[in-house]
Amino acid sequence: MCGGDYSKMRKAAFCIFHAVLLLMVSVPSARAQTPAIYWSDAVPPVPRKPMVVIIIDDVGVDRKRSERTVQNLQPPVTLSYLAYARHVQEQVEEAKSKGHEIILHLPWEPNSEKADPGPNHLSVNMSSEEIQTRLLANLDGFQGYVGVNNHMGSKFSRYRPGLDIVMKEIRK
């Protein structure tokens, strides 16, 4: 995973993307447990067959690399954009026009205090109201995504009260 000071990483273009290979075995039913597969324009549903989903996350902050990724990767590849990236809606629209599925990359507090997950990250030290406010700021950061995944977040992912807020909101 990426780590270190956010501003230094951005300036040096260090650790911009890391690929997450997610092996997802799904047997769809009338009550789909994987709504992105069914709601996405990029990937048609394949009933009763295992699927491999490739997600490239940390997209959007380094615009040049993001544009190269969109242009050079053949769809369907899922791209996970950070809501705080400059001109994120424009970038998302371009990626969707090339056939990519889009998800939102939610910044969560990592274990390391040295790692900076970026603006509007969710933290275990926040009140429920602050978590909700920051979560909504991320969710409203751009349109066109079919799901979410976490950015960093090893510490926040173990914080049940915060996860309850996130899960309640994304179920809406």
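Everything here concerns the structure above.
Computed from a predicted structure; not experimentally measured.

Engineer: Would you mind going over the overall build of the protein chain with me for this structure?
Structural biologist: When you go through the protein chain residue by residue, the secondary structure sums to six helices and five strands. Ordered by position from N to C terminus, the α and β elements of the protein chain give α-β-α-β-α-β-α-β-α-β-α. With 172 residues in all, the protein chain has 43% of them scored as buried. Sequence separation of 24 or more characterises 64% of the internal contacts of the protein chain that already satisfy a separation of 6 or more. Of the accessible surface of the protein chain, which amounts to about 10,100 Å², a share of 53% is contributed by carbon and sulfur atoms.

Engineer: Would you mind showing me how to read the nonpolar core here?
Structural biologist: Soluble globular proteins tend to bury their nonpolar side chains together. In this structure, Leu79, Tyr81, Phe142 and Phe156 are the most contacted members of the largest nonpolar core, which totals 26 residues. Those elements that place two or more of their residues in this core are β2 (51–59), β3 (78–82), α4 (88–97), β4 (101–108), α5 (128–139) and α6 (160–171). Counting residues per element, this core draws most heavily on β4, at four residues. When residues no more than four places from it in sequence are discounted, the contact partners of Tyr81 are Val59, Gly60, Val70, Val88, Gln91, Val92, Ala95, Ile102, Ile103, Leu104, His105 and Phe142.

Engineer: Which parts of the structure should I look at to understand unusual backbone geometry?
Structural biologist: Among all residues save glycine, negative phi is the norm, and among peptide bonds the norm is trans. Here Pro75 and Pro76 are connected by a cis peptide whose omega angle stands at 0°. Its place among the elements puts Pro76 in the loop between α3 (63–72) and β3. Backbone geometry at Asp58 places phi at a positive 70°, although glycine is not the residue there. A positive phi angle, close to 55°, is found at His87, a residue other than glycine. Among the structural elements, His87 can be located in the loop between β3 and α4.

Engineer: Is there a simple way to explain the packing of aromatic side chains in this structure?
Structural biologist: Each pair of aromatic rings is reported with the distance of its centres and the angle of its planes. Under the criterion given, the structure shown has four aromatic pairs. Considering the side-chain rings of Phe156 and Tyr159, the 6.0 Å spacing of their centres and the 55° angle between planes classify their relative orientation as tilted. By relative accessible area, Phe156 is classed as buried at 0%. Counting every residue linked through ring pairs, the aromatic cluster contains Tyr81, Phe142 and Tyr145.

Engineer: I'm lost on the packing of α5 against α6 in this one. Help?
Structural biologist: Helix-helix packing is described using two parameters, namely the angle between the two axes and the distance between the axes. Contact geometry of α5 with α6 gives a least axis separation of 10 Å together with a crossing angle of 40°. With respect to α6, the axis of α5 lies oblique. The handedness of the crossing between α5 and α6 is right-handed. Residue-level contacts link Ser128, Ile131, Gln132, Leu135, Leu136 and Leu139 of α5 to Gly162, Ile165, Val166, Glu169 and Ile170 of α6. Here the residues of the contact of α5 with α6 sort into seven nonpolar, three polar and one charged.

Engineer: Could you clarify how one ought to interpret the side chain of Ser123 in this entry?
Structural biologist: Secondary-structure assignment places Ser123 in the loop between β4 and α5. For Ser123, a relative accessible area of 7% puts it in the buried group.

Calculation notes
- Residues numbered from 1 in each chain as written.
- Predicted model: local features only at pLDDT ≥ 70, side-chain atom pairs only at ≥ 80, totals over all residues.
- Heavy atoms only, no water.
- Helix = DSSP H or I, 4+ residues; strand = E, 2+ residues; numbered from the N terminus.
- Buried < 20%, exposed > 50% of the residue type's maximum accessible area, 1.4 Å probe, protein only.
- Contact = heavy atoms within 4.5 Å.
- Areas by Shrake-Rupley, 256 points an atom, 1.4 Å probe, with all protein chains shown as cover.
- Core = buried A, V, L, I, M, F, W, Y, C linked by side-chain atoms within 4.5 Å.
- Phe/Tyr/Trp six-rings, centres within 6.5 Å; stacked < 30°, edge-to-face > 60°.
- Axes fitted to C-alpha atoms, helices over the stretch in contact; angles between N-to-C directions.
- Parallel < 35°, antiparallel > 145°, perpendicular 65-115°, else oblique.
- Left-handed = near helix turned anticlockwise from the far one by under 90°.
- Nonpolar A, V, L, I, M, F, W, Y, C, P; charged D, E, K, R; others polar.

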